[in-house]
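Commentary on secondary and tertiary structure
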Amino acid sequence: MAARKDGIPEPVAVAGEQPEWAQELLEHLRPAGRDVRRVVDWLAGTVHGAVALWDDTGTLVAGTGPAVDENLVTDVTSGRIASAAWEDGGRHLRLVKVGHPARTWALAVSRNAPFDRRSADVVTHTVQVIELLLTAGENTAAGQRLRRASADLRLAILQLLMVEDTVAARRVAGGLWPGLLEADTACVYVVESEPARRDRLAEECLDTTKEGALVVRCPAMDGHVIVVSPRETTAGDLKSLVERHPDTFLGGSVRQSLARTATAYGQAVSALAVAHFRPDKTAVYAERTHPERLMDPTALRGWTARLLGPLDTVPHHTRAELLVTTRLGLEFTAVNTAKILGVSRNTVRARMERVENMLGTDFDDVTVRAVVHLALHTQFNLQDIQVGSASEASSAPVLAPLVSGPAVRAWAGELLERLDRDTRPLRRTLRTWIAAGGNAERAAQLLGVHAQTVREHVRSAEPVLERQLLAAGTDLYEVVLAHLALGDLETPVFAGFVSTPPPG
């Protein structure tokens, strides 16, 4: 046994065996123990001294070690010298370079006793461990930065698709994910889980789709992951993922053109609401009969052009911004619309208020929102139908004759009659709630019931109608149009849009 100055015998390592300190040091390389600060503290205790670690800017990042001349630290971190050793006032010091792929750090060790073979070995091997930890940490940080950049880029592509800029979206995607958006059509899926699990769910969606789809953490809903994919197999892959996880749901759209990504997204969200009532927790948007398809397309297009005519007075690019923002703003809240478009919520509100003023109406009225939503939807889907001359557009019919045709009334009657099968007055409550602007408190006062009863009735109507009602969007607006078709709600009036078509 060799003796130390404190009189305690120092064990000699048997050939072929690791000393105890080496085993302790290796423990710091385990995933649960990778912390440079802990390694520095361990070194100080093992060599019975003080230890400090500086980065290349001279900032102390770990330890509370000895004061060392800044110029000497700079000489090590700049690579002028690799190490230094000296004695100062009875203290023995060593300054060692810690190599790093991108930066050079400096480790200082100070102790009262001279550095023997054991303490020198401990310092040397600790430097190697710190180098490994710093490199691993840099690689991890770089990986995280890369993942964040990729996620931001995927979000930017989705935002371009949402505003129908498919050319820019393809250009951005082509550099990193060649072929991802080459197809003209795609389906949109929304996978829902607890917000705390969302990041892990997004990674699983990427793995499941093998990066053959655009996977985006929804900027509006914390628990949603949006998947845009041209592949037919994606639906089955995502269903398998949902089956493996409890409290996870999947809604999917029908196949749409890339320019209609916003429409497909609305369909996926609508299907997601239905998925909550399904045993397999999945649902695909039903290609159901939409009221606008039961109206005369030429007359509907002429009515749309006439209703949105005031917007033709602004420059084309401004008009496009107003239309896109309003279209999304009628589907989502101002905050969520802002996140989807990548603008401020004040910008969203300002644009929608401008549209309100130009149309001479009030978007607080749910029926107004439904009618404008119909016009915006029609303008996009029936844009190939020519209205004709300006005089023909001005003589286009008002909404009432369009929604009161036999086909539309038959559709509306079949839809709302489903509510009559319930013993509760769901239909009456829903009509009153819509007339009250979707406000449960005002509807409750009109009905003479509690506001919670109104909410429960509306919520109960959702699975019966297979439509999401409490969240504004296409589903709610279709139900509003059904009420308008049957005359259960008053048709809204827009400034400058006379209640009857002009003669001739």
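Reading the values: the criteria
- Residues numbered from 1 in each chain as written.
- Predicted model: local features only at pLDDT ≥ 70, side-chain atom pairs only at ≥ 80, totals over all residues.
- Heavy atoms only, no water.
- Helix = DSSP H or I, 4+ residues; strand = E, 2+ residues; numbered from the N terminus.
- Buried < 20%, exposed > 50% of the residue type's maximum accessible area, 1.4 Å probe, protein only.
- Contact = heavy atoms within 4.5 Å.
- Areas by Shrake-Rupley, 256 points an atom, 1.4 Å probe, with all protein chains shown as cover.
- Pairing = 2+ DSSP bridges.
- Axes fitted to C-alpha atoms, helices over the stretch in contact; angles between N-to-C directions.
- Expected span 1.5 Å × (residues − 1).
- Phe/Tyr/Trp six-rings, centres within 6.5 Å; stacked < 30°, edge-to-face > 60°.
- Lys NZ or Arg CZ within 6 Å of the ring centre and 35° of its normal.
- Parallel < 35°, antiparallel > 145°, perpendicular 65-115°, else oblique.
- pLDDT = per-residue confidence, 0-100.
- Left-handed = near helix turned anticlockwise from the far one by under 90°.
- Salt bridge = Lys/Arg side-chain N within 4 Å of Asp/Glu carboxyl O.

1. Regarding the overall build of the protein chain
Along its length, the protein chain carries 20 helices and 13 strands. By the burial criterion, 48% of the 504 residues in the protein chain qualify as buried. Of all intrachain contacts in the protein chain linking residues separated by at least 6 positions in sequence, the fraction that spans at least 24 positions is 63%. As presented, the protein chain carries roughly 24,600 Å² of accessible surface, and 51% of it is formed by carbon and sulfur atoms.

2. Focus on the side chain of T361
Position of T361 relative to the elements: it lies in the loop between α12 (345-359) and α13 (366-381). According to the relative accessible area criterion, T361 is buried, its value standing at 16%. Beyond its immediate chain neighbours, meaning those up to four positions away, T361 contacts E356, V368 and F494.

3. Some remarks on the sheet that holds strand β4 (residues 60-63)
Reading across from one edge, β4-β3-β7-β6-β5 is the order of the 5 strands in this open sheet, with antiparallel pairing throughout. With partners counted over all chains shown, the strands left at the sheet margins are β4 and β5 (83-88), one partner each. Neighbouring strand axes in the sheet, compared pairwise and without regard to direction, differ in orientation by 15° on average. The pairing of strand β3 (residues 49-54) with β4 spans 3 bridges and is classified as antiparallel. The partner of A52 across the bridge, within β4, is G63. The strands that helix α2 (residues 36-46) touches are β3, β4 and β7 (105-111); relative to β3, the one it contacts most, it runs at about 150°.

4. Observations regarding helix α6 (residues 198-209)
With 12 residues, α6 ought to run about 16 Å at 1.5 Å a step, and its terminal C-alpha atoms sit 16 Å apart, in line with that. Phi for K210, located one or two positions after α6, is positive at around 55°.

5. Looking at the pairing of strand β9 (residues 214-217)
Relative to strand β10 (residues 224-229), β9 is paired through 4 bridges, and the arrangement is antiparallel. Within β10, the residue paired with V216 across the bridge is I226.

6. A short note on the packing of aromatic side chains
Applying the stated criterion across every chain yields a total of 1 aromatic pair. Between the aromatic rings of Y265 and F332, the centroid separation amounts to 5.3 Å while the plane-to-plane angle is 40°, which identifies the pairing as tilted. Separated by 67 residues along the polypeptide, Y265 in helix α8 (residues 261-275) and F332 in the loop between α10 (316-329) and α11 (334-341) bring together distant segments of the chain. When its relative accessible area of 17% is taken as the criterion, F332 is described as buried. A cation over a ring is seen here: R111 above F115, with NZ or CZ 5.6 Å from the ring centre.

7. Regarding the environment of H48
Here H48 lies in the loop between α2 and β3. As for H48 and S110, which are separated by 62 residues in sequence, their C-alpha atoms are 8.8 Å apart.

8. Regarding the packing of helix α17 (residues 426-435) against helix α19 (residues 451-465)
The geometry of α17 relative to α19 is characterised by a closest axis approach of 9 Å and an angle of 110° between their N-to-C directions. By the angle between their directions, the pair α17 and α19 is classed as roughly perpendicular. Along the contact surface, α17 presents L426, T429, L430 and W433, while α19 presents V454, H457, V458, S460 and L465.

9. Some words on the pairing of β3
Note: β3 against β7, 6 bridges, orientation antiparallel. The partner of V51 across the bridge, within β7, is V109. Connecting β3 to the antiparallel partner β4 that follows it, the hairpin turn spans 5 residues, and G58 within it adopts a positive phi of roughly 85°.

10. Notes on the confidence of the model for the protein chain
Averaged over the protein chain, the pLDDT score is 82; the fraction of residues at 70 or greater is 85%. Note that residues 1-17 has pLDDT below 50 and, in this model, 14 contacts with residues that lie over four places away or in other chains. Per-residue pLDDT stays below 50 along residues 384-395; that stretch engages in 14 contacts with residues further than four places along the chain or on separate chains.

11. Focus: the packing of α17 against helix α18 (residues 440-447)
For the pair α17 and α18, interaxial distance at closest approach is 8 Å and the crossing angle is 125°. Taken together, the axis directions place α17 and α18 in an arrangement best described as oblique. As for how α17 packs across α18, the hand of that crossing is right-handed. Contacts from R428, T429, T432 and W433 in α17 reach A440, A443, L446 and L447 in α18.

12. A short note on the pattern of salt bridges
Across all of its chains, the model carries 15 salt bridges by this definition. With its nearest N and O atoms 2.9 Å apart, the salt bridge here joins R319 to D312. The salt bridge involving R427 is made with D420; its shortest N-O contact spans 3.0 Å. Its relative accessible area of 18% is what places R427 among the buried residues. Taking relative accessible area as the criterion, D420 reaches 46% and is therefore assigned partly exposed. Shared partners join several salt bridges into a network, and the residues in it are D199, E203 and R217.

13. Structural notes on the environment of G405
With respect to the helices and strands, G405 occurs in the loop between α15 (399-403) and α16 (406-417). In the structure, G405 is positioned 80 residues away from A485 in sequence and 7.9 Å away in space, judged by C-alpha atoms.

14. Looking at unusual backbone geometry
What is expected of a backbone is that most residues other than glycine have negative phi and most peptide bonds are trans. Located in the positive-phi region is H48, a residue other than glycine, with phi close to 55°. For H48, a relative accessible area of 57% corresponds to the exposed category. The backbone phi angle of E164 is positive, close to 70°, even though this residue is not glycine. Among the structural elements, E164 can be located in the loop between α4 (117-162) and α5 (166-176). Relative accessible area serves as the criterion here: at 30%, E164 is assigned to the partly exposed category.

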